[in-house]
Amino acid sequence: QTTTFRVCIGTPLPAPVNDECAGAITVPVNPTVECAQMASGTIQSSRASPQPNACNPNDDDDVWFKFTATSTTHAIELKNITGSTTDLFHVLYTGTCDAMTTVYCSDPNYSLAKNLVVGQEYYIRVYSNTANPNQTSSFNICINTMPSAAPVNDDCANAITVGVNTGLTCDVFASGMVYGATASTEPNNCATNQDDDDIWYEFVATSTKHIISFR
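Keep in mind that this is a model prediction, so the values were computed, not measured. (Residues numbered from 1 in each chain as written. Predicted model: local features only at pLDDT ≥ 70, side-chain atom pairs only at ≥ 80, totals over all residues. Heavy atoms only, no water.)

Q: Honestly, the state of the cysteines in this entry has me stumped. Any pointers?
A: Enumeration according to the criterion identifies three disulfides in this entry. Two residues, Cys21 and Cys97, share a disulfide whose sulfurs are 2.0 Å apart. Across the disulfide from Cys21 to Cys97, rotation about the S-S bond amounts to roughly -80 degrees, and the bridge is consequently left-handed. Placement of Cys21 in the segment before β1 (25–26) and of Cys97 in the loop between β5 (88–96) and β6 (99–106) is noted, with a sequence separation of 76 residues between them. (Disulfide = S-S within 2.5 Å. Helix = DSSP H or I, 4+ residues; strand = E, 2+ residues; numbered from the N terminus.)

Q: Just to check I follow, could you spell out the environment of Asn58 for this structure?
A: Note that Asn58 resides in the loop between β2 (39–42) and β3 (63–68). Spatially, the C-alpha atoms of Asn58 and Thr130 are 5.8 Å apart, while their sequence positions differ by 72 residues. Those residues within four positions of Asn58 in sequence are excluded, and the remaining contacts are Tyr127, Ser128, Asn129, Thr130 and Ala131. (Contact = heavy atoms within 4.5 Å.)

Q: Would you mind going over the pairing of β6 with me for this structure?
A: For a regular strand, the rule is simple: side chains alternate between the two faces of the sheet. Where β5 and β6 come together, seven bridges link them in antiparallel fashion. Along β6, the bridge assignment pairs His90 with Ser106. (Pairing = 2+ DSSP bridges.)

Q: For this particular structure, what's the right way to read the pairing of strand β9 (residues 138–145)?
A: A large share of β9 lies buried, amounting to seven of its eight residues. The sheet contact formed by β2 and β9 spans four bridges and is antiparallel. By the bridge assignment for β9, Ser40 is matched with Asn140. (Buried < 20%, exposed > 50% of the residue type's maximum accessible area, 1.4 Å probe, protein only.)

Q: Would you explain the side chain of Ser128 in this entry?
A: The residue Ser128 is located in strand β8 (residues 121–128) in this model. A distance of 2.6 Å separates the side chain of Ser128 from the side chain of Asp61, its partner in a polar contact. In this structure, Ser128 is in contact with Ile43, Asn58, Asp61, Thr85, Asp87, Leu88 and Gln135, ignoring residues within four places of it in sequence. (Polar contact = N/O pair within 3.5 Å; in protein donor to acceptor, adjacent residues only side chain to side chain.)

Q: Looking at this structure, I do not really get the pattern of salt bridges. What am I missing?
A: Proximity of charged atoms lets side chains of opposite charge pair with each other. Scanning the model with the defined rule gives five salt bridges in all. With a shortest N-O distance of 3.6 Å, Arg125 and Asp59 are connected by a salt bridge. With Arg125 in strand β8 and Asp59 in the loop between β2 and β3, this residue pair connects regions lying 66 residues apart in the sequence. With a relative accessible area of 0%, Arg125 lands in the buried category. (Salt bridge = Lys/Arg side-chain N within 4 Å of Asp/Glu carboxyl O.)

Q: Can you walk me through the packing of aromatic side chains in this structure?
A: Aromatic ring pairs are defined here through the distance separating the ring centres and the angle between the ring planes. Taken as a whole and assessed by the stated rule, the structure comprises four aromatic pairs. With a centroid separation of 5.8 Å and 65 degrees between ring planes, the pair formed by Phe65 and Phe139 is classed as edge-to-face. Of this pair, Phe65 sits in strand β3 while Phe139 sits in strand β9; the two residues are 74 residues apart in sequence, bridging distant segments of the chain. Residue Phe65 shares its accessibility class with Phe139, and that shared class is buried. Ring centres 5.7 Å apart and planes at 20 degrees place the aromatic pair Phe67 and Tyr122 in the stacked group. Taken together, the positions of Phe67 in strand β3 and Tyr122 in strand β8 put the pair 55 residues apart, joining distant regions of the chain. Of the residues examined, Phe67 reaches a relative accessible area of 1% and is grouped as buried. Residue classification places Tyr122 among the buried positions, given a relative accessible area of 3%. (Phe/Tyr/Trp six-rings, centres within 6.5 Å; stacked < 30°, edge-to-face > 60°.)

These figures capture arrangement, not role.
What follows is the structure, given as structure tokens:
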């Protein structure tokens, strides 16, 4: 045989500091729905943790985060995901690393944590939703606070005025959120089973044709 080759010995990256529950990274809690503050994480070189998992079993690359509830409702969001897979999974727990209770499991990168106890610490377990080893995904994790009252434009009488753009570019726009909204009394000839959380907007036409878009 005349085959030639080279041998390379590589060294994997060390495990993340939050590879185990005891090293969970504290995530700052944003006081509004905006993700002004986030924590960073990666599952690269992470290993399976010993804590029981009643959710998706592909937790061979889990990492841990924790936060202290400042409201009874917080949103958890995984953002800016890069690397070998963008399909991540997260689990919310109460208790301690030695005695945990699952609150819920979430495959979507956004979840809503309700009925929380203000001042109580919660743990979040993040891992790839795949059994393939050696995933390299990095991400940001955000905890934000949902409003405790209905939106100001919950009823038609308080509709928010949306400015009209002169062209197709949306330089002028309005924002909104349906969280906390309630059903309105106005008749609806469309999908009536979906208007239990409606909010209202209004505009003054400056042309016979306008385009309405949501972004």
